[in-house]
Amino acid sequence: MATVLFFGPARDAAGVRRASVEGQDVDEVVSAAVDRFGPALRELLPTCRVWVNGEPATGDEPLGTDDEVAVLPPVSGG
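My aim in this report is to walk through the structure given alongside it, one point at a time. Here the structure is a predicted model, which means the values were calculated and not measured.

## Some thoughts on the sheet that holds strand β5 (residues 68–72)
Part 1: Spatially, the five strands line up as an open sheet ordered β2-β1-β5-β3-β4, and their pairing is mixed. With partners counted over all chains shown, the strands left at the sheet margins are β2 (18–21) and β4 (55–56), one partner each.
Part 2: Where strand β3 (residues 49–52) and β5 come together, four bridges link them in antiparallel fashion. Within β5, the position partnered with V52 by the bridge is V69.
Part 3: In this fold helix α2 (residues 26–37) packs onto β1 (2–6), β2, β3 and β5, with an angle of close to 115° to the strand it touches most, β2.

Below, the structure written as C-alpha cells:
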C-alpha cells in the first residue's frame, strides 16, 4: 500500500492531504484513488504530474509499501 500525497487543487478534489492506497504500480494506485475520491479528482488528473519518492514517475512503475506517490497539479504564480 503506497501513501498518496495530494497538493493544491488535487487536495481539494480528494478532500484529504494524504491517503494509503493499494496498488502494484502507479497506474493502479492512481486509479484506486480516483475510485475512492471521485469524479473531481478524475477530471483534474489529466493536468497533473505524478511523482514517486520525489522523482517523476511513469504509470507502469512498480510500487512498494514505503513509496510516496505525489499528485501535483499545475502551479501558477508570479
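## Remarks on empty space enclosed by the protein
Part 1: In this structure the tally under the stated criterion is one cavity of 30 Å³ or more.
Part 2: In this structure, the largest cavity encloses a volume near 40 Å³.
Part 3: Taken together, V4, F6, V30, A33, L41, L45, V69 and V71 make up the lining of the largest cavity.
Part 4: Secondary structure elements with two or more residues in the lining of the largest cavity: β1, α2 and β5.
Part 5: A per-class count over the lining of the largest cavity returns eight nonpolar, no polar and no charged.

## Thoughts on the side chain of T3
Part 1: Within the secondary structure layout, T3 lies in strand β1.
Part 2: In this view, T3 contacts R18, A19, S20, D67, E68 and V69; residues no more than four positions away in its chain are not counted.

Criteria and thresholds
Residues numbered from 1 in each chain as written. Predicted model: local features only at pLDDT ≥ 70, side-chain atom pairs only at ≥ 80, totals over all residues. Heavy atoms only, no water. Pairing = 2+ DSSP bridges. Helix = DSSP H or I, 4+ residues; strand = E, 2+ residues; numbered from the N terminus. Contact = heavy atoms within 4.5 Å. Axes fitted to C-alpha atoms, helices over the stretch in contact; angles between N-to-C directions. 1 Å grid on protein atoms, 1.4 Å probe; cavity = no way out; pocket = protein on both sides within 12 Å on 5 of 7 lines; lining within 4 Å. Points joined across faces, edges and corners; volume = space filled by probe spheres on them. Nonpolar A, V, L, I, M, F, W, Y, C, P; charged D, E, K, R; others polar.

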